[in-house]
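Summary of structural features
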Amino acid sequence: MKTSAGLQDSGTEAESDANNTESDLALAELIEQHKDTDWSAVPGISAAEAGAWTARLIEARETVQEGL
């Protein structure tokens, strides 16, 4: 199987699918934990900054899902 860089990957497509699914689940859990965090209790982190991080996590999850 080729990676996005066009290099040969030694893994099988099934392994890749399992890794993508595992990544998707891990990102989903991380996103939920991130949303549930009381960022006002974290010194030096603004609500806007936390919101930007959440948006990036959601984008990463969408990227993983595109590969599924």
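Observations concerning the pattern of salt bridges
- Within the structure shown, the criterion is met by one salt bridge.
- Here arginine 61 ties to aspartate 24 by a salt bridge, and the two come within 3.0 Å at their closest N and O atoms. Of this pair, arginine 61 sits in helix α2 (residues 47–66) while aspartate 24 sits in helix α1 (residues 13–36), placing them 37 residues apart in sequence.

As for α2
- Here α2 contains 20 residues, and its C-alpha end-to-end distance of 29 Å stays within 8% of the 28 Å for a straight helix at 1.5 Å per residue.
- All of the buried residues in α2 are Ala50, Thr54, Leu57 and Val64. Around the axis of α2, the buried residues are gathered within 75 degrees of arc, so they sit on the same side. For α2, exposure combined with an orientation more than 90 degrees from the buried face picks out Ala48, Arg56, Thr63 and Glu66.

Here we look at the packing of aromatic side chains
- Per the counting criterion, the structure on display carries one aromatic pair.
- Where tryptophan 39 meets tryptophan 53, the ring centres are 5.7 Å apart and the plane angle is 75 degrees; that geometry is what we call edge-to-face. Pair noted here: tryptophan 39 is in the loop between α1 and α2 and tryptophan 53 is in helix α2, with a separation of 14 residues, a long-range link.
- On the accessibility criterion, tryptophan 39 (19% relative accessible area) is buried.

Rules used throughout
- Residues numbered from 1 in each chain as written.
- Predicted model: local features only at pLDDT ≥ 70, side-chain atom pairs only at ≥ 80, totals over all residues.
- Heavy atoms only, no water.
- Salt bridge = Lys/Arg side-chain N within 4 Å of Asp/Glu carboxyl O.
- Helix = DSSP H or I, 4+ residues; strand = E, 2+ residues; numbered from the N terminus.
- Expected span 1.5 Å × (residues − 1).
- Buried < 20%, exposed > 50% of the residue type's maximum accessible area, 1.4 Å probe, protein only.
- Arc of directions from axis to C-beta.
- Phe/Tyr/Trp six-rings, centres within 6.5 Å; stacked < 30°, edge-to-face > 60°.

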